[in-house]
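# Reading the structure
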Amino acid sequence: MEYGLIGSKLGHSYSKIIHEMLCGYRYDLCPLPTEEEARAFLTKRQFKAINVTIPYKRLVMEYCTYIDPRAKAIGAVNTVVNKNGLLYGYNTDYLGFAHLCDAHGVDFAGRTVLILGTGGTHNTTSAVARDKGAARVLTVSRTPDAAKGQLSYEEAVASGAHIVINTTPAGMYPNVGACSLDVARMPGLEAVLDVVYNPDKTELILRAEEAGVPVAVGGLEMLVAQAVYAAEYFLSRKFDDAAGEIGRITAALRRDMLNVALIGMPSSGKSTVGRALAEKLGKKFIDLDEEIVKADGRSIPDIFAAEGEDGFRAKESAQTARFAKEGRQLLSCGGGIIKRGENLRALHQNGVVLFLDRPLDALTVGGGRPLSSSTEALKKMEAERRPLYLAAADAAVVVGGVGVDAGAGGRAAVVGLMHGGRVAGVDRHLRVLVLRVGSGVVVLRQGTAAVAALRRARLVVGAAVRAGGLVRGFFGIGTELGLPFKPGGVLRLVHTDPDLLPAGPVVGRAAVGADDDVILVGKCLFTDR
C-alpha cells in the first residue's frame with residue numbers, strides 16, 4: 001500500500017473517495033480490528049503515507065520519530081509520512097476544524113465554548129477554540145467528572161455558551177436521530193458545529209437550525225479539509241488554492257451523496273419527475289409508497305381500509321426512516337408525508353426537499369387514492385396541506401402550466417428563481433422554472449408568471465444572489481460554492497454541462513443590485529472572474 005487509511009472500522013469512510021478525487025493516486029482502506037494488527041502494520045512500515053483514525057491516533061505516536069509540536073500538544077496524530085523508514089506524525093484534524101470555523105465565520109474571541117465529549121477530537125477542537133481566543137472552554141460528558149470541571153448535559157443548557165461543538169458519535173449513521181443537548185433552551189447561541197459528517201445534518205444540527213442558531217453545520221467540510229492538508233504532507237507540496245480544493249471536493253461529494261426528496265399533492269408528478277431527475281443526477285429512484293406496499297404485502301387502499309390513516313402513517317414513517325438515512329437516492333414521497341414531523345426531519349438530515357407545486361385544477365381525482373376520492377375532498381386536502389408543503393420544502397418547483405417536457409433531446413433542466421428559502425438561510429421560498437431542452441437550445445416556456453419574474457430580475461438565463469449571500473448550486477443539492485457576493489458587482493454564469501446548455505463558456509451575465517433575485521441553472525458554476 002502506498003497511501004491509505006488505517007482504523008478499526010472503515011466501512012463508511014469517505015476518505016478513499018476524497019483523496020482519489022483530489023490527487024488521483026490510489027488510496028486504500030485498511031481496517032485493522034485489533035491493536036495487535038495495528039502494531040504489526042506500523043512495525044512493517046510498508047507505505048508511503050497514511051491517515052489514521054479511531055482508535056489508533058494515540059498509539060501511532062509510539063512509532064513516530066518526529067511528531068509535529070501541534071500534534072504532540074493535542075496528543076493525537078492522524079497523518080503519518082514515511083521518510084526513508086522514519087515516520088513523521090502530524091495532526092490535520094486541527095487544520096480541518098479551523099478551516100470549517102473560518103469558512104462559516106465562527107468568531108471564538110471572548111466566547112464561551114461548550115464541547116460535547118471527552119475523546120481525542122475534544123482535544124483538537126479545544127485547541128482550535130483556545131488558539132482563536134475563546135474566553136472559556138467547557139467540557140460536557142454523560143458521566144461528568146466534577147474534579148475536572150466537566151458538566152452534565154442538563155448543566156450545559158445553563159452554561160451561557162455561545163458556541164457548541166459536538167465531538168461524540170451521537171446521531172452518527174446508522175444510529176441517526178440521537179441528540180443529548182437541548183439547544184432550543186440555550187438562548188444566545190451563535191454557532192453549533194458537529195464533527196459528524198454522516199448524515200449531513202445530525203439531529204443536533206437540525207435542532208439548531210430550528211432554534212434559529214445563525215451557524216449550524218456538520219463535519220463534511222472538516223473531513224475534506226483535513227484530507228486536503230494531509231495530501232499536502234503526503235506529496236510534500238502545497239496546493240495553489242487549498243480552500244478552493246476543499247470547496248470543490250465538498251460540493252462534489254454533496255452532489256453525489258445527498259438525497260433529493262420530492263413532496264407534493266397526489267398526482268403532482270413526483271414519480272414521473274423523480275424517475276427522470278434520478279437518471280439525470282445518477283441517483284437511485286425510490287418510491288416510498290411502493291416500498292410501503294412491498295413491506296406490508298397489501299395495497300394502500302387495503303391498508304387504509306384495515307388500519308385507517310393512522311395505521312398507514314405509521315408504516316409510512318417506518319419506511320421514511322429506513323430510506324432517508326441512506327444516500328444517493330431520489331425519494332418520491334407520498335402526499336401526506338408532511339403530516340408527521342419526524343418524516344421531515346428524516347428527509348432533511350441527508351438531502352434537500354423539493355415541493356412539486358402543481359395547480360389544483362391539474363390534479364387527478366381518485367386514481368386509487370383513498371383521501372382524494374372526490375373533487376371536494378381534493379380541494380380540502382390541498383388547502384390543508386399547501387402551507388405544510390411550503391414550510392417543509394427547501395424549494396418549490398412549479399410543474400403545472402409549465403410542465404416537464406424533455407423536448408427533442410430527451411432531457412429536462414430545472415432552473416431556480418430564488419427569493420430566499422431555507423437554502424439561503426431565510427424564511428421565504430424558492431420559485432423554480434422548468435425549461436425544455438431541444439436541439440442544444442434552452443427554450444423557456446411562455447405564458448407563466450415566472451417569466452415576468454425573470455424579466456424583473458434583469459437576467460439572461462443566468463443570475464446572481466441576494467445581498468450578503470453566497471452563491472449556492474441548485475443541482476449541487478444546496479451546496480455552498482463559497483463565492484462572496486458584493487452588491488453592485490457582476491457575476492458571470494459558466495456552464496459545466498454541455499447537455500443542458502448551449503455551447504460557449506459565458507451563458508449570461510447580470511449587473512447585481514442589492515435587492516436582486518437569484519437564478520440557478522442546472523449544473524452550473526458561478527464565478528466573479
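Preceding this paragraph is the structure being described.
Here's a quick rundown of the structure. Predicted model, so just to flag it, every value in this text is computed and none were measured.

## Some remarks on the overall build of the protein
Looking only at helices and strands, one finds 15 helices and 25 strands in the protein. For the protein, with 529 residues in total, the buried portion stands at 53%. Within the protein, residue pairs in contact and separated by at least 24 positions form 66% of the contacts whose partners lie at least 6 positions apart. Looking at the protein as shown, the accessible area adds up to about 22,800 Å², and 51% of this sits on carbon and sulfur atoms.

## Things to note about the pattern of salt bridges
Note that side chains of opposite charge can pair when their charged atoms are close. Tallied over the entire structure, the rule returns 30 salt bridges. With a closest N to O distance of 2.8 Å, Glu190 and Arg111 form a salt bridge. You can see Glu190 sitting in the loop between strand E9 (163-166) and strand E10 (191-194) and its partner Arg111 sitting in the loop between helix H4 (92-103) and strand E7 (112-116), a full 79 residues away along the chain. Between Arg254 and Asp200 there is a salt bridge, with the nearest N and O atoms lying 3.3 Å from each other. With Arg254 in helix H9 (residues 242-257) and Asp200 in the loop between E10 and helix H7 (203-210), this residue pair connects regions lying 54 residues apart in the sequence. Residue Asp200 is classed as buried on the basis of its relative accessible area, which comes to 14%. Through salt bridges that share partners, Glu203, Arg207, Glu210 and Arg345 make up one connected network.

## Here we look at the environment of Met186
Mapped onto the elements of the fold, Met186 is located in the loop between E9 and E10. Contact partners of Met186, with chain neighbours within four places excluded, come to Leu114, Ala156, Val157, Ser159, Ala161, Val164 and Leu181.

## Considerations on the sheet that holds E9
In a beta sheet, neighbouring strands are held together by backbone hydrogen bonds and run either parallel or antiparallel to one another. Here we have five strands laid out as an open sheet, ordered E8-E7-E9-E10-E11, and parallel in their pairing. If you trace the sheet from one side to the other, it starts and ends with strand E8 (136-140) and strand E11 (215-217), each paired once. The sheet shows a mean angle of 15° between the axes of neighbouring strands, taken without regard to direction. In the sheet, E10 pairs with E11 via three bridges, with the strands oriented parallel. Considered in E11, the bridge of Ala191 is made with Val215. The strands touched by H7 are E7, E9, E10 and E11; relative to E10, the strand with the most contacts, the crossing angle is about 165°.

## Comments concerning the environment of Val215
Along the chain, the position of Val215 falls in strand E11. A C-alpha to C-alpha distance of 7.1 Å links Val215 and His104, two positions 111 residues apart in sequence. Ignoring sequence-local partners within four residues, the contact set of Val215 consists of His104, Val106, Glu190, Ala191, Val192 and Leu193.

## A short note on the packing of aromatic side chains
By the definition in use, this model includes ten aromatic pairs. Ring centres of Tyr25 and Phe234 lie 6.3 Å apart, and the angle between their planes is 40°; on these two criteria the pair is classed as tilted. Taken together, the residues span a long stretch of sequence, with Tyr25 in the loop between helix H1 (15-23) and strand E2 (27-31) and Phe234 in helix H8 (residues 220-235) at a distance of 209 residues. Of the two residues, Tyr25 and Phe234, both sit in the buried class.

## Thoughts on empty space enclosed by the protein
Per the stated rule, a full pass over the model turns up three cavities of 30 Å³ or more. Each pocket or cavity is described by its volume, and for the second largest cavity that value is around 70 Å³. What lines the second largest cavity is simply Leu116, Tyr153, Asn166, Thr168, Ala170, Ala178, Cys179, Ser180, Leu181, Asp194, Thr202 and Leu204.

## Thoughts on helix H12 (residues 300-324)
Along its 25 residues, H12 runs just 21 Å from first to last C-alpha, ending more than 12% under the 36 Å computed at 1.5 Å per residue. The sharpest bend along H12 comes to roughly 120°, located at Glu307. Buried within H12 are the following residues: Ile300, Ile303, Phe304, Gly311, Phe312, Arg313, Glu316, Ser317, Gln319, Thr320, Phe323 and Ala324. In the core, the buried residues of H12 are packed alongside strand E12 (259-263), strand E13 (284-287), helix H11 (288-296), strand E14 (329-332), helix H13 (341-348) and helix H14 (375-392).

## A word on the nonpolar core
Counting 27 residues, the largest nonpolar core has Ile18, Val224, Val228, Phe234 and Leu253 as its most contacted members. Mapped onto this core, the elements with two or more residues apiece are strand E1 (3-7), H1, H8 and H9. Top contributing element to this core by residue count: H8, with ten residues. Those residues in contact with Leu253 that sit more than four places away from it in its chain are Ile17, Ile18, Leu220, Val224 and Leu258. Within the second largest apolar cluster, 24 residues are counted, among which are Ile74, Phe108, Val128 and Ala129.

## Focus on the sheet that holds E2
One open sheet holds the six strands; their spatial order is E2-E1-E3-E5-E6-E4, and the pairing between them is mixed. At either margin of the open sheet sits one strand with a lone partner, and together these are E2 and strand E4 (66-67). Bridge analysis of strand E3 (residues 49-52) against strand E5 (residues 79-83) gives three bridges, and the strand direction is antiparallel. Among the inter-strand pairings, Asn51 is bridged to a residue of E5, identified as Thr79. Each of E1, E2, E3, E5 and strand E6 (86-90) is contacted by H8, which is oriented at about 10° to E5, the strand it contacts most.

## Considering the pairing of E9
Here E9 shows two buried faces, one formed by Ile163 and Ile165 and the other by Val164 and Asn166. Pairing geometry for E7 and E9, over four bridges, is parallel. Following the sheet pairing, Leu116 is matched in E9 by Asn166. Here E9 pairs with E10 via four bridges, running parallel. Paired with Ile163 across the two strands is Ala191, which belongs to E10.

## Observations regarding the environment of Leu288
The residue Leu288 is located in helix H11 in this model. For Leu288, a relative accessible area of 2% puts it in the buried group.

The rules behind the values
- Residues numbered from 1 in each chain as written.
- Predicted model: local features only at pLDDT ≥ 70, side-chain atom pairs only at ≥ 80, totals over all residues.
- Heavy atoms only, no water.
- Helix = DSSP H or I, 4+ residues; strand = E, 2+ residues; numbered from the N terminus.
- Buried < 20%, exposed > 50% of the residue type's maximum accessible area, 1.4 Å probe, protein only.
- Contact = heavy atoms within 4.5 Å.
- Areas by Shrake-Rupley, 256 points an atom, 1.4 Å probe, with all protein chains shown as cover.
- Salt bridge = Lys/Arg side-chain N within 4 Å of Asp/Glu carboxyl O.
- Pairing = 2+ DSSP bridges.
- Axes fitted to C-alpha atoms, helices over the stretch in contact; angles between N-to-C directions.
- Phe/Tyr/Trp six-rings, centres within 6.5 Å; stacked < 30°, edge-to-face > 60°.
- 1 Å grid on protein atoms, 1.4 Å probe; cavity = no way out; pocket = protein on both sides within 12 Å on 5 of 7 lines; lining within 4 Å.
- Points joined across faces, edges and corners; volume = space filled by probe spheres on them.
- Expected span 1.5 Å × (residues − 1).
- Bend = angle between axes of the 7 residues up to and from the residue.
- Core = buried A, V, L, I, M, F, W, Y, C linked by side-chain atoms within 4.5 Å.

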